[in-house]
Amino acid sequence: MRRLLVLSVAFGCALAADAAANAENGKAKAAQICAACHGADGNKPSAPDQPILAGQHYDYLVRALTDYKIGRRSNPIMKGFAAQLSKQEIEDLAAWFAGQKSKLHDQR
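Here the structure is a predicted model, which is why all the values come from computation and not from measurement.

Colleague: How would you explain the pattern of salt bridges if you had to name every residue and give the values?
Modeller: Here the structure, examined in full by the defined rule, presents 4 salt bridges. A salt bridge links Arg 63 to Asp 67; its shortest N-O distance comes to 3.4 Å. Placement of the pair is Arg 63 and Asp 67 together in helix H4 (residues 58–70), with a separation of 4 residues, close to one helical turn. Judged by relative accessible area, Arg 63 falls into the partly exposed class, the value being 45%.

In structure tokens:
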């Protein structure tokens, strides 16, 4: 029973964090700074070394952008873009891209 309670609380916290993000704000920010390299919905990278962001997990996207921002990941282009993002903007972008259908796999 305790295990179920812990899992329920963890799941609720994850949903609350995701709910605080605003995908529409993320869409607007993506159009400004992400679309040129990743496509408007994250499905059309302009080069083979740029990832498809659509359908990626919200938590992964938040971590990746945060890591670029603080220098844990090394890519001069992404570091420059991520450095100007606030925590809220990172969460909004993650919500937008996570909510898009990916051409990489079938989503259920």
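Colleague: Explain the nonpolar core to me, and be specific about the residues and the numbers.
Modeller: Ala 30, Cys 34, Tyr 58, Leu 65, Leu 85, Leu 93 and Phe 97 are the most contacted members of the largest nonpolar core, which totals 19 residues. Only helix H2 (23–33), H4, helix H5 (76–83) and helix H6 (87–98) provide two or more residues apiece to this core. It is H6 that contributes the most residues to this core, 6 residues altogether. In this structure, Leu 85 is in contact with Lys 29, Ile 33, Leu 65, Lys 69, Ile 90 and Leu 93, ignoring residues within four places of it in sequence.

What counts and how
Residues numbered from 1 in each chain as written. Predicted model: local features only at pLDDT ≥ 70, side-chain atom pairs only at ≥ 80, totals over all residues. Heavy atoms only, no water. Salt bridge = Lys/Arg side-chain N within 4 Å of Asp/Glu carboxyl O. Helix = DSSP H or I, 4+ residues; strand = E, 2+ residues; numbered from the N terminus. Buried < 20%, exposed > 50% of the residue type's maximum accessible area, 1.4 Å probe, protein only. Core = buried A, V, L, I, M, F, W, Y, C linked by side-chain atoms within 4.5 Å. Contact = heavy atoms within 4.5 Å.

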